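Below are the chains, spelled out letter by letter.
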Amino acid sequence: MGLFEKKECALCGGKAGLITRYKISGGDYICGDCRGRMSSNTDDIGSMTIEDVQEQIRLKEENDERFGNGFTITRQFDFDPRHPMMAVNDNTGEFAILTDARPDIFSFDNVTSYNVDLNTAMLSEEERKNDSSIWGILNYILSDDFCSRYPDMPRCPQGRKVTGMYFQINFGDNPFNARKIRIDMLPGWSTAETEVDKAYRCANDMYQCFKEYKNGRRTVSSNTASSTAAAPTGQDAIEQVKQLKELLDMGALTPDEFEKKKKELLNL
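Residues numbered from 1 in each chain as written. Predicted model: local features only at pLDDT ≥ 70, side-chain atom pairs only at ≥ 80, totals over all residues. Heavy atoms only, no water.

### As for the overall build of the protein chain
Basically, it comes down to this: Strands here mean DSSP runs of E at least two residues long; helices mean DSSP runs of H or I at least four residues long; both are numbered from the N terminus. Burial here depends on accessible area, computed with a 1.4 Å probe over protein chains only, as a share of the maximum for the residue type. Under 20% is buried, over 50% is exposed, and the range in between is partly exposed. In this description, contact between two residues means that some pair of their heavy atoms is separated by no more than 4.5 Å. The protein chains shown are the only cover counted for residues, whose accessible areas, like all others here, come from Shrake-Rupley with a 1.4 Å probe.
A count of helical and extended segments in the protein chain gives 8 helices and 11 strands. When each of the 268 residues of the protein chain is scored for burial, the buried share is 41%. Across the protein chain, contacts joining residues at least 24 apart in sequence account for 57% of those joining residues at least 6 apart. Accessible area for the protein chain stands at about 14300 Å²; split by element, carbon and sulfur atoms hold 48% of it.

### Some remarks on the sheet that holds strand S9 (residues 111-122)
The condition is simple: DSSP-based pairing: two strands are paired if at least 2 bridges between them are found. Axis definition: a line fitted to C-alpha atoms, limited for helices to the stretch in contact. Angles are taken between N-to-C directions and run from 0 to 180 degrees.
With respect to topology, 3 strands assemble into an open sheet ordered S9-S10-S11, the strand pairing being antiparallel. Strand pairing shows two members of the sheet lacking a second neighbour, S9 and strand S11 (180-184), which therefore form its edges. Going across the sheet, the axis of each strand differs from the next one's by a mean of 20 degrees, ignoring polarity. In terms of strand pairing, S9 meets strand S10 (residues 160-171) through 11 bridges, oriented antiparallel. Note on S10: the bridge partner recorded for Val 116 is Phe 167.

### A word on unusual backbone geometry
Despite not being glycine, Asp 44 has its phi angle at roughly 60 degrees, a positive value. Residue placement: Asp 44 occurs in the loop between helix H1 (32-36) and helix H2 (50-69). For Asp 44, a relative accessible area of 40% puts it in the partly exposed group. The phi torsion at Asn 177 lies on the positive side, around 55 degrees, for a residue other than glycine. Take Asn 177: it is sitting in the loop between S10 and S11. The exposure class of Asn 177 is partly exposed, given its relative accessible area of 39%.

Pasting the structure below:
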């Protein structure tokens, strides 16, 4: 029967289907349900023994209990209010990725490296010829002011457009045997200027947080959660309104979008 031979889950004894089963060390299998009880970030399942699987399930259950009842959020980084990205507990030097349905808690000490990647595509002939909003977006991303705000972020090359942005975290030893987490920073799947700006802002704030820990400059905050989506005040707000007006003049924003964003910035 070979490939299509029915298998039993070595952990729960249930059916380990052809599509949903996972092979582990010793030629045994676990079912999709038992795999789902482990962290979604766990790698190298094929090298695990049944005892390793049981330990991973135990660690995940402890993690879920702690995240729900004992993880204090001192800082939170959001794409927007509908799309939280990362929560940080500066009191313990830990973070959790909120894009996961069941977030894992990792120590910043587990992180070996981190980076932000862009996916880009060539502008089409039509986009090059037409005075479309894509030019407003591209000019905005390539502007000196934009680059000065995000010096650590990757640039969109001339003649291309942003089609995706990803924050990757690479790990050393950690409880879940995770190698890396790759976070989609454009959850709305939109390349509109306002969405790209949100992604750059949030990715940059997360990058600076990791950089802070990498350089040994840990900051202990209050237990009140804060969001990177907080509106700027004073001179910063005025400068951003000026930038919005430039985007309006070049056609990258509609009048309604300009007025809405201006009111948000000035708390009107």
